[in-house]
Amino acid sequence: MKMALQKIVAPVLGEIGYFTQAFPFFGGERRGAVVSGYLRFSTDKITTHSFITEPDISISFDERIPFDAVTAGLPAGKFLLLNTALPARYAQAAMDRKVYTLNAKDISVSHGIAKPEDPFPLINSAMAGAFFKLFEYITGRTVPDELTRRIFEGALPVKTDENFLAFSDAKRLVQPLAASETPGEYPVSLFRVTQPNGLCTKCRLCYIFCSKRAISLTDSEVHIINEAKCNLCGVCIKLCPRNAISFETSEREDTR
Amino acid sequence: MNGRLPFGPMVLTGNEAAALAFGLANPDAFGGYPITPSTEVTEEIAELALKHIIDTTYRNLDSELASIAFGIGVSTARGRYGTATSSQGLALMCELLHWASTARLPIVIANVNRSLGSPWSIHPDQSDSLLFRDMFLLQFYCKNVQEVLDMVLWAYRIAEGPGVSLPALVCFDGFMLSHTAENIIIPSKEKVLEFLPKRTPSENFNLPQYRADEPRNISCPTDWMKHQARKRSLVDAMQTAEGNIRHLVRREWTQIFGGAMQYEVNDGFFSEAGNSQSDTAVISMGAIAGTIEEATRGEDIGLISLRVFRPFPAKALHAKLVHCKKIVVFDRSILPSGEGIIANELRSRTALFPQQIYGFVGGFGGQNLSEKDFLHEIRTAMNSDHPEANTYWIGDKS
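Reading the values: rules and limits
- Residues numbered from 1 in each chain as written.
- Chains lettered and ligands numbered in written order.
- Predicted model: local features only at pLDDT ≥ 70, side-chain atom pairs only at ≥ 80, totals over all residues.
- Heavy atoms only, no water.
- Buried < 20%, exposed > 50% of the residue type's maximum accessible area, 1.4 Å probe, protein only.
- Helix = DSSP H or I, 4+ residues; strand = E, 2+ residues; numbered from the N terminus.
- Arc of directions from axis to C-beta.
- Contact = heavy atoms within 4.5 Å.
- Domains from an automatic or database assignment.
- Salt bridge = Lys/Arg side-chain N within 4 Å of Asp/Glu carboxyl O.
- Polar contact = N/O pair within 3.5 Å; in protein donor to acceptor, adjacent residues only side chain to side chain.
- Pairing = 2+ DSSP bridges.
- Axes fitted to C-alpha atoms, helices over the stretch in contact; angles between N-to-C directions.
- Buried area = accessible area lost by both parts, 1.4 Å probe.
- Phe/Tyr/Trp six-rings, centres within 6.5 Å; stacked < 30°, edge-to-face > 60°.
- Lys NZ or Arg CZ within 6 Å of the ring centre and 35° of its normal.
- pLDDT = per-residue confidence, 0-100.

- Per an unreviewed UniProt entry, chain B goes by Pyruvate ferredoxin oxidoreductase and derives from Candidatus Sungbacteria bacterium RIFCSPHIGHO2_01_FULL_47_32.

Overview of helix α5 (residues 145–155) of chain A
All names here are of chain A.
- Among all positions of α5, only L147, T148, I151, F152 and A155 are buried. For α5, the buried positions fall inside an angular range of 140° around the axis, keeping them on one side. Exposed side of α5, more than 90 degrees from the buried face: E146 and G154 are the residues found there.
- On its buried face, α5 is in contact with α1 (2–15), α4 (124–139) and α6 (160–173).

A word on the domain arrangement of chain B
Residue and element names in this part refer to chain B.
- Parsing chain B into structural domains produces domain 1 (8–195) and domain 2 (273–393).
- Taking only C-alpha atoms, the centre of domain 1 and the centre of domain 2 are 26 Å apart.
- Applying the counting criterion to the domain 1 and domain 2 interface returns four salt bridges.
- With a shortest N-O distance of 3.0 Å, R133 and E345 are connected by a salt bridge.
- Summed over the shared surface of domain 1 and domain 2, the result is twelve residue pairs in polar contact (both at pLDDT 80 or more).

Description of the sheet that holds strand β14 (residues 356–361) of chain B
Residue and element names in this part refer to chain B.
- Taken in spatial order, the six strands of this open sheet run β9-β11-β10-β13-β14-β15, and their pairing is mixed. At either margin of the open sheet sits one strand with a lone partner, and together these are β9 (270–274) and β15 (391–393). The average undirected angle you get between the axes of adjacent strands in this sheet is 20°.
- Bridge count for strand β10 (residues 280–284) against strand β13 (residues 326–331) is four bridges, and the pairing is parallel. If you follow V282 over to β13, its bridge partner there is V328.
- Along the sheet, helix α13 (residues 371–382) contacts β10, β13 and β14; its crossing angle with β13, the most-contacted strand, is approximately 145°.

Quick word on the sheet that holds strand β5 (residues 98–102) of chain A
Residue and element names in this part refer to chain A.
- If you walk across this open sheet you meet the four strands as β3-β4-β5-β6, and the pairing is mixed. Looking along the sheet, the strands with just one partner apiece sit at the ends: β3 (57–60) and β6 (175–176).
- Where β3 lies against strand β4 (residues 79–83), four bridges are found, and the strand directions are parallel. Among the inter-strand pairings, S60 is bridged to a residue of β4, identified as L82.
- Sheet strands in contact with α4 are β3, β4 and β5, and its direction is about 160° off that of β4.

What about the interface of chain A and chain B?
- Across the contact, 27 residues belong to chain A and 30 residues belong to chain B.
- At the boundary of chain A with chain B, total buried surface from both sides reaches about 2100 Å², with 49% on carbon and sulfur atoms.
- Scanning the region where chain A abuts chain B turns up two salt bridges.
- Taking the shortest distance from any N to any O, the salt bridge between K7 of chain A and E16 of chain B comes out at 2.3 Å.
- At the junction of chain A with chain B, the criterion picks out 15 residue pairs in polar contact (both at pLDDT 80 or more).
- Mapped by element, the contributors of at least two residues to the side of chain A that touches chain B are α1 and β1 (19–25) of chain A.

A look at the domain arrangement of chain A
- Looking at the assigned domains, one finds that chain A contains domain 1 (2–184) and domain 2 (191–254).
- The straight-line distance from the C-alpha centre of domain 1 of chain A to that of domain 2 of chain A is 30 Å.

Details of the packing of aromatic side chains
- Following the criterion strictly, the structure yields 35 aromatic pairs over all chains and no others.
- Residues F132 of chain A and F167 of chain A carry aromatic rings whose centres are separated by 6.0 Å and whose planes lie at 55° to one another, so their mutual orientation is tilted. Of this pair, F132 of chain A sits in helix α4 while F167 of chain A sits in helix α6; the two residues are 35 residues apart in sequence, bridging distant segments of the chain.
- The buried category is assigned to F132 of chain A, whose relative accessible area is 0%.
- Residue classification places F167 of chain A among the buried positions, given a relative accessible area of 1%.
- Here the aromatic cluster, defined as three or more aromatic residues joined through ring pairs, consists of Y18, F41, F131, F132, F135, F152, F164 and F167 of chain A.
- The positively charged end of R80 of chain B is found above the aromatic ring belonging to Y156 of chain B, 5.3 Å away from the centroid.
- Just above the ring of W120 of chain B sits the side chain of R114 of chain B; from NZ or CZ to the centre is 4.7 Å.

Describing the confidence of the model for chain B
- Looking at chain B as a whole, the pLDDT averages 91, with 92% of positions reaching at least 70.
- Scored as a whole, the predicted complex attains pTM 0.90, and scored at its interfaces, ipTM 0.90.

Set out below in structure tokens:
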């Protein structure tokens, strides 16, 4: 996400004459944790360094991020861009917002940038492509391919062609989502970390390293994962010497 | 040399801008020890040195203490040295940083402002660098990414100036500047060399082989009067720096770079916005200055954002604020007295600043300081008549 905003989107916007600003925000936790990113662009000079609380576009890079967090502060009538394999789940959100979707992981996989089994696939180029489709739609301006291609060469010396193709594919494949009141079941959370299974030896590694204090011990030393606190960073899964915890792509009928 | 430093308009983060500024200053050596959020400065310099785009000798070091020790060696041997760090890393340098300042070594340290623990935080406040406000250490602060690049160049120029020869900190807020990509203009290497020529070390502070009679900065004076003279010269050096900033920056910077850098340097010590004739002035330092500018657009308020904290530009500020009735200060630091540090600096000079001073503090632990927050607090101050010694905590719900 940081890469997409700072190395692709903002430099392209700068080249076509905008004042721009792009920054991520995250805490002390590391790879896998939720990261927010902010992008401003304007024909006037940008001086502010605050977070954006009422965006014109909200973009979700990952369905594991709670949907409420993605739409927080996004006024009605504004744009929502979602990376999802199951767009129909979000049809209700399209009732009062302009929702666009793409399957960025598929695009990355098709160009050899990501592997199907990656829990955190690289999708920056595809997401940047989808952003520029919306950008063109909103501003009526087109971004020349040669310019984008030049930025890619500077930012991504490895797999430049593949990434540029992913960018172009995403720009072509991003779709508006038809609104519907009926689906009625878009997920609270598609993903979760499983409770430790029988292989768990109560070694406490996960408990010690959980940055969100989402893992607790009971009197009988059983590890309990609190879904409300868990940010799906995956540190516990990486650390567990017995592979007793895993990510679960839920097919539960979690509805709101 | 295999490549060239980029030149002209670009979109870069504060860390990348700092690295390029060091590249343009082309120090003889740069020492690196990583710490969030300044690590990228070190990484970028290492890459520029590896690709021979700059002549700088880059060294990975054992710690920040080793980094400042390396700097003392390089600088004592007439070289130009740079390093980058943050919070706990800067604090670890403390002992030798004091040596570097009293030995009059013009080392430049980029300090990406980050909270000092406890509790653990990687987010910005300015307590880490302001901890060193009682050292003979020049301190520059940046309000945007362009200033990050510029202040590194200013810092070398002022620090190495004749009669100054003191180390300098260039401070910029973690994340809000270090990780924020913005439009900047990179000056050409030739122009930078014109503004910042190769270091000419002050003769009085050299190693014996360069000047035999008095190698003052490493010897142990047996005469207390000589020792005292050295202490007094530190005060003179700070005052000289204050004079130099006004002249060098105002004249030479503007002459050499002209309108190309696209902002007013004013008199160097601070930048201004809003209505400078207003009864109310708001003083801040760092990235929040730009947010305050956005928040108060169209309001009858004068804005001052400090670029230079040490030497503290008391005279220049007094001249600018003399007509004001109220001064509102936004600090990202807190003292045991319950005040922010800029507010404390002003209140300790009542003869120069007799106005009502409203002190606000905030921005700790990753708190977002929004336009609404600032406007609300400023209006509260404007409609109030009792600043007293009270400090207002931004966003305090109690």
